Every structure is written in structure tokens, then in C-alpha cells.
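Here is how the chains run, residue by residue.
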Amino acid sequence: MKRKKISVIGAGNVGATTALRLAGMGSFDVAMVDVIEGMPQGRALDLLQAGAVTLSDSFIQGSNTYDVTADSDIVVIPAGLPRLPGMTRDDLLAKNAAIMAEAVTGVMEHSRDPILIVVANPLDAMCHVAARTSGLPLPRVIGMAGILDSARFRTFIALELGVSVRNVDALVLGGHGDTMVPLPRLSTVAGVPITELLPADRIEALVERTRNGGTEIVSLMKTGGAYYAPSAAIVEMIRAIVQDERNILPCSAYLKGQYGIEDVYVGVPVVLGGAGIERVVELDLTPEELEALHRSAAAVRTLRDKLS
Ligand code: NAD
């Protein structure tokens, strides 16, 4: 059986860490592209040589041109500028939109029907750029954010209660930004909603920390943003797709009326499988939760409209 080929456009912190995780899984061909001369080639060699120690025979290539991405099954796109302290994700809009359009054009010249996992920020607006530029069916253009935001919420809940993060399920919907919608009512510890385990003011503090989860790390690091948890979230999506797991994961998906929202990419639970987004899962939200999701979708729409 032909190995799956995964390409990563932008071999910076998120891209290189994603490639490292994929290389460690030992069963993929991985291609990395970046504009910095020699950098993706160097990283690819370094990863290949790591495989000689860890006994992984993933084939890794790096290049400054897109020919190495030929016939990709999945393309991950974190190419773009990261946030610096004081910047919001939305500050990156115009520059990262141009980079996204260039990356997707390069990818589509060499692959016929890849699945695109969009990562660069502002995430949901970048999904629109990727969808429009690629012309791919919309279930094949998917944004990574909800798994990361939910992982942050799960981490903070586990720390607060002093329990294993494995016992914690949590859900964050909406756009990947200040309007994201953590859902305490649907977040549980060993099946018990956190609304029954924690007072309202502590839950609100955890929700706020989740909303600021990326900013907290940018402020600490000062030269860029998070990449260990983001790359773990990307690999979770890749696994669901290549193994056709039909896993329910929160991802940025193009909505066509689900949750009463039309024509915009926003974070919702989806069934993720071999064809990309198999379907959007519609949860029974309270009026307040639904209103927060609509506000978040409206914020994404405003950003997207700035682009066109
Ligand atoms: P980084 O600066 O470490 O890496 C970005 C890489 O993109 C750099 O190596 C740069 O040379 C490359 N690049 C720039 N223009 C390019 C082009 N035209 N073609 C190919 N490569 C190009 O940044 P990072 O920390 O890896 O973050 C990358 C992006 O991902 C940022 O926009 C960041 O905000 C975003 N991000 C999103 C999430 C999420 O949850 N969706 C999480 C983390 C980071």
C-alpha cells in the first residue's frame, strides 16, 4: 500500500514540530516547504537522521519550491507570521492572507485533491482564503483550532481540580479568537459536568484563561506563540483522516445553515474521516450558548469581508 504523503507549508515552529511528530509515527512521507533558503532542507535532513536513531523510516524532504509536495494526501498550512506580544490574531490578517493564497496556489499546482488543514491565523478567515484559492470541495478545507482551545480548557480544569486530564472532556466552539465559546455545561470530569463541581466564579476564571490561552503563552515567550499543543492537535486531525476514524473533533468548518449559521467558517464539532469533514454535529445548545456562537460567527464574517 502506498504510504500517505503529508506536506507542511511553513517549516517554522508549528510546521517543524508537526513534521517531527509525523516522522516519529514512521509511516508517512513528509514534505516541508518554506521561503527561508536552506531551512526546510536542513530541517528535513536533521529529521531523517533522527529517524536513524529512533528507527523511524519516514521519508522527509524539504524545499523552497512546491514540487516536493506532489501528490499530497494532506497539506498542513501554518505558513505565515506568528503573533508577537501586544498583537491580536486579527492583526495578522492581510499579510497572512497573501501568504495563504500563495501557499495554496503552490500546493494545487502539484496535488489534485488534497485535504487542507489550515493553521495560520486569523484561523477562520484563513480557511476562507484557502477554500477560495483551492476551489476544493469545502469538506476538504478544514481549520485547526477547536482541538487546541478545548485542550487548553481541559488542562485548566484538570489543574483546578487536581485530577488527570484524561478524565476531563471539554468543548470550545466558535472562531479562534476573543469570541471563542467555551461550553462549561458540556464539559465534564468523569462524566460529571463541571457546573456541578466548581463554583460559577471559578468556572468563569477558567473560561477566561482559555480564551486568553494563546495570548498567555505569547506574552511569556515574547518571540512567538505556542507550538507543542498546536502540533499535537494537527496530528490528531491527520490521524482521524488517514485512518478514517470518523472521530468527533471540534474544527473550523464551513457552515451551510447548521446552528442557524450560513456561509462562514467557524469552530463546531465535526465527524472527521477519510474524506475530511463527513458531517457537522449539531448539539442542542441553550439560547445563550447559541447567541455566543452567532456573535463569534459574526466576528469571523467581519474579518472575512475585510479581505474581499
Ligand atoms: P513561525 O514564524 O515559527 O513559522 C512560520 C513559517 O512560515 C516561517 O518559517 C516562515 O518563513 C514561513 N513562511 C512565511 N511566508 C511563507 C510563504 N510565503 N511560504 C512558505 N512559508 C512561509 O510561526 P509559527 O509559530 O509556526 O506559527 C505559524 C502560524 O500558525 C502563525 O500564523 C500562528 O499565529 C499560527 N498558529 C495557529 C494556531 C491555531 O490554533 N490555529 C496555533 C499556533 C499557531
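Computed from a predicted model, the values in this text were never measured in an experiment. (Residues numbered from 1 in each chain as written. Predicted model: local features only at pLDDT ≥ 70, side-chain atom pairs only at ≥ 80, totals over all residues. Heavy atoms only, no water.)

**A look at the site of the ligand**
Next up, step 1: The ligand sits among 26 residues. The nearest are Asn 13, Val 14, Asp 34, Leu 81 and Met 144.
Next up, step 2: Contact between the ligand and Met 144: a nitrogen atom at 2.8 Å from a main-chain N or O atom of the residue.
Next up, step 3: At a separation of 3.1 Å, an oxygen atom of the ligand approaches a polar side-chain atom of His 176.
Next up, step 4: Against a free-state accessible area of 860 Å², the protein chains account for coverage of 89% of the ligand.
Next up, step 5: Listed by contribution, the elements that provide at least two residues to the shell around the ligand are α1 (13–25) and α3 (93–108).
Next up, step 6: Among the elements that make up the shell around the ligand, the one with the highest residue count is α3 (3 residues).
Next up, step 7: Here the residues of the shell around the ligand sort into 17 nonpolar, 7 polar and 2 charged.
Next up, step 8: Summarising the domain contributions, the shell around the ligand has at least three residues from each of domain 1 (4–143) and domain 2 (146–307). (Near = heavy atom within 4 Å. Polar contact = N/O pair within 3.5 Å; in protein donor to acceptor, adjacent residues only side chain to side chain. Areas by Shrake-Rupley, 256 points an atom, 1.4 Å probe, with all protein chains shown as cover. Helix = DSSP H or I, 4+ residues; strand = E, 2+ residues; numbered from the N terminus. Nonpolar A, V, L, I, M, F, W, Y, C, P; charged D, E, K, R; others polar. Domains from an automatic or database assignment.)

**Details of the domain arrangement of the chain**
Next up, step 1: For the chain, the assigned domains are domain 1 (4–143) and domain 2 (146–307).
Next up, step 2: For domain 1 and domain 2, the distance between their C-alpha centroids amounts to 22 Å.
Next up, step 3: Taken together, the 37 residues of domain 1 in the interface contact 43 residues of domain 2.
Next up, step 4: Both sides of the domain 1 and domain 2 interface together cover about 3,400 Å² of buried area, and 72% of this is carbon and sulfur.
Next up, step 5: Interface area lost by domain 1 to domain 2 is led by Arg 89, Asp 124 and His 128, which between them contribute 19%. (Contact = heavy atoms within 4.5 Å. Buried area = accessible area lost by both parts, 1.4 Å probe.)

**Overview of the side chain of Ser 111**
Next up, step 1: Inspection of the secondary structure puts Ser 111 in the loop between α3 and β5 (115–118).
Next up, step 2: Given a relative accessible area of 3%, Ser 111 falls into the buried group.
Next up, step 3: At 3.2 Å, the side chain of Ser 111 and the backbone oxygen of Thr 69 are in polar contact.
Next up, step 4: Within polar-contact distance, the side chain of Ser 111 engages the backbone nitrogen of Asp 71 at 3.3 Å.
Next up, step 5: When residues no more than four places from it in sequence are discounted, the contact partners of Ser 111 are Thr 69, Ala 70, Asp 71 and Ser 72. (Buried < 20%, exposed > 50% of the residue type's maximum accessible area, 1.4 Å probe, protein only.)

**Focus: the packing of helix α5 (residues 146–161) against helix α6 (residues 200–211)**
Next up, step 1: Orientation of α5 relative to α6, taken along the N-to-C sense of each, is 140 degrees, at an axis distance of 9 Å. Judged by the inter-axis angle, α5 sits oblique to α6. Considering only the axes of α5 and α6, their crossing is right-handed. Between α5, through Asp 149, Arg 152, Phe 153, Phe 156, Ile 157 and Glu 160, and α6, the contact on the second element is made entirely by Arg 202, Leu 206, Val 207, Arg 209 and Thr 210.
Next up, step 2: The residue makeup of the contact of α5 with α6, split by class, is 5 nonpolar, 1 polar and 5 charged. (Axes fitted to C-alpha atoms, helices over the stretch in contact; angles between N-to-C directions. Parallel < 35°, antiparallel > 145°, perpendicular 65-115°, else oblique. Left-handed = near helix turned anticlockwise from the far one by under 90°.)

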